[in-house]
Amino acid sequence: MKTIAVFTSGGDSPGMNACIRAVVRTAAYYNIQVKGIIGGYQGMIENDFIDLDIKSVANIIQRGGTILKTARSKDFMTIEGQEKALKNLKHQGIEGIVAIGGDGTFKGALEFSKISDIPVVGCPGTIDNDLAGTDFTIGYDTAINTVIEAVDKLRDTAESHNRVFVVEVMGRDAGLIALRSGIASGAEEIFIPETRSDIDNLIKKLAKGRKNKSSKIIMVAEGDEAGGAFKVSNVIKEKLPELDVRVSILGHIQRGGSPTCMDRVNASRMGFAAVEALKEGNNMLMIGIVNMNIAYTPFEKAVKHIEAPHPDLLRMMEILSM
Ligand code: F6P
């Protein structure tokens, strides 16, 4: 293997740069050239490649975002787009690819494999943590730490004013950001898409009044079936007009920032393992970390993360947040 490519795709996540750095430096160790594709699958179609060497990835391990840019390419969903991408990859002499992204990225790679013989190994880069085959995706730890920092601040003002705050966090299909950061910030309720959100029960709980805290934090994942934070807050206001309710939508702030130590180390391990996996002839699999060890999961399995969170976690949150 003489030349490989690396790209980032889908929503960016803190730690993607650390992963790119690991890919480039591991490849250099094995005398493999690396080309970076700018803007994910769209960059493949537009022939937007750059040479990456040891120096070009210096000083990026601590930076959020992705130096290779990212996109969600509609053109790549067409056969014409894929054929164009393949032609460009061949022209660039690419013999293997490291794809850093989430489920859309790996679904794209699976589709592409129907016409392409270039092996692809993936590293899970998404703040949502919604991939099977890894305990933590790259960016998840940073995102949940961003959330708890924000919610701690909201708690101060909520407590001072005796208010209820409905906080909306990212997670279109998965509630793992809401669940973990909700537990860590002592939220009184967590609404996630994987479980049925019982708004009547929430109203009952709120109606009982304050016990130990004069503030309440209701954490809502954006993809929850109860609707977003505004919808939940409107129901509370309608049923319990005596409560002082505010909404805070944390939004894309959760995607940025300097990666945590955990994200930097995980991303480095995954990028390193991805190059070695390509060298060993692997294809269509995702590198993950399970119980601290590198794990390999075929893309078809990795993209099917529909597990409901462990019921113990929700039960524990209920008891601890009294
Ligand atoms: O990266 C995944 C994610 O954070 C989802 O939770 C969210 O719905 C989505 O990205 C929003 O991304 P964008 O605004 O870039 O389309």
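Up top is the structure these notes are about.
The following refers to the structure shown. A quick note: this is a predicted structure, and the numbers were derived from the prediction, not measured. (Residues numbered from 1 in each chain as written. Predicted model: local features only at pLDDT ≥ 70, side-chain atom pairs only at ≥ 80, totals over all residues. Heavy atoms only, no water.)

## Notes on empty space enclosed by the protein
One way to see where empty space is left: roll a probe the size of a water molecule over the atoms.
Argument step 1. Within this structure, the stated rule accounts for one cavity of 30 Å³ or more.
Argument step 2. Space inside the largest cavity adds up to approximately 30 Å³.
Argument step 3. Around the largest cavity, the lining residues are Phe 7, Tyr 41, Met 44, Ile 97, Ala 109, Phe 112 and Val 120.
Argument step 4. Put simply, the parts of the chain that give the lining of the largest cavity at least two residues each are α2 (40–45) and α4 (103–112). (1 Å grid on protein atoms, 1.4 Å probe; cavity = no way out; pocket = protein on both sides within 12 Å on 5 of 7 lines; lining within 4 Å. Points joined across faces, edges and corners; volume = space filled by probe spheres on them. Helix = DSSP H or I, 4+ residues; strand = E, 2+ residues; numbered from the N terminus.)

## Here's the deal with the pairing of strand β11 (residues 293–298)
Side chains on a regular strand alternate between the two faces of the sheet.
Argument step 1. In this structure, strand β10 (residues 285–290) lies alongside β11, joined through six bridges in antiparallel fashion. By the bridge assignment, Leu 285 is partnered in β11 with Pro 298.
Argument step 2. In sequence, β10 turns back onto β11 through a hairpin of two residues, with Asn 291 there showing a positive phi of about 50°. (Pairing = 2+ DSSP bridges.)

## Let's talk about the site of the ligand
Argument step 1. With respect to spatial proximity, the complete set of residues near the ligand consists of Gly 11, Arg 72, Ile 127, Asp 128, Met 170, Gly 171, Arg 172, Glu 222, His 252 and Arg 255.
Argument step 2. Here Arg 172 contributes a backbone N or O atom positioned 3.5 Å from an oxygen atom of the ligand.
Argument step 3. Between the ligand and Glu 222, the relevant distance is 2.6 Å, taken from an oxygen atom to a side-chain nitrogen or oxygen of the residue.
Argument step 4. The protein chains hide 79% of the 400 Å² of surface that the ligand would expose on its own.
Argument step 5. Here the ligand is seated within the largest pocket.
Argument step 6. Residue classes in the shell around the ligand are distributed as two nonpolar, three polar and five charged.
Argument step 7. Counting contributing residues per domain, the shell around the ligand is built from domain 1 (3–139 + 259–298) and domain 2 (140–255), each supplying no fewer than three. (Near = heavy atom within 4 Å. Polar contact = N/O pair within 3.5 Å; in protein donor to acceptor, adjacent residues only side chain to side chain. Areas by Shrake-Rupley, 256 points an atom, 1.4 Å probe, with all protein chains shown as cover. Sits in = over half its atoms within 2 Å of the grid points. Nonpolar A, V, L, I, M, F, W, Y, C, P; charged D, E, K, R; others polar. Domains from an automatic or database assignment.)

## What to know about the sheet that holds strand β7 (residues 189–191)
Argument step 1. Strand order in the open sheet formed by four strands is β7-β8-β6-β9, and the pairing between neighbours is parallel. Of all strands in the sheet, those with a lone pairing partner are β7 and β9 (245–249), marking the two edges. Taking each pair of neighbouring strands and ignoring which way they run, the sheet shows an average axis angle of 20°.
Argument step 2. In this structure, strand β6 (residues 164–169) lies alongside strand β8 (residues 216–221), joined through six bridges in parallel fashion. Note on β8: the bridge partner recorded for Val 166 is Ile 218. (Axes fitted to C-alpha atoms, helices over the stretch in contact; angles between N-to-C directions.)

## Some remarks on the layout of surface pockets
Argument step 1. Looking at the largest pocket, its volume works out to about 690 Å³.
Argument step 2. What lines the largest pocket is a set of 32 residues, among which Gly 10, Arg 72, Asp 103, Gly 104 and Arg 172 lie closest to the centre.
Argument step 3. The element best represented in the lining of the largest pocket is α4, accounting for six residues.
Argument step 4. For the lining of the largest pocket, the per-class residue count stands at six nonpolar, 14 polar and 12 charged.
Argument step 5. Residue-level mapping places the lining of the largest pocket at the junction of two domains, with at least three residues from each of domain 1 (3–139 + 259–298) and domain 2 (140–255).
Argument step 6. What the second largest pocket holds in volume is close to 450 Å³.

## Structural notes on the nonpolar core
In a soluble, globular protein the nonpolar side chains are often hidden away together inside.
Argument step 1. In terms of nonpolar packing, the biggest core is built from 31 residues, with Ile 4, Val 6, Val 98, Ile 100, Cys 123 and Ile 287 touching the most fellow members.
Argument step 2. Among the elements of the structure, β1 (3–8), α1 (16–29), β4 (96–101), β5 (120–124), α9 (261–279) and β10 are those that each provide at least two residues to this core.
Argument step 3. Other than its neighbours up to four places away in sequence, Ile 4 contacts Val 23, Ala 27, Ile 32, Gln 33, Val 34, Lys 35, Ile 94, Gly 96, Val 275 and Leu 278.
Argument step 4. Counting 26 residues, the second largest nonpolar core, distinct from the first, contains Ile 45, Ala 85, Ile 94 and Phe 299. (Core = buried A, V, L, I, M, F, W, Y, C linked by side-chain atoms within 4.5 Å. Buried < 20%, exposed > 50% of the residue type's maximum accessible area, 1.4 Å probe, protein only. Contact = heavy atoms within 4.5 Å.)

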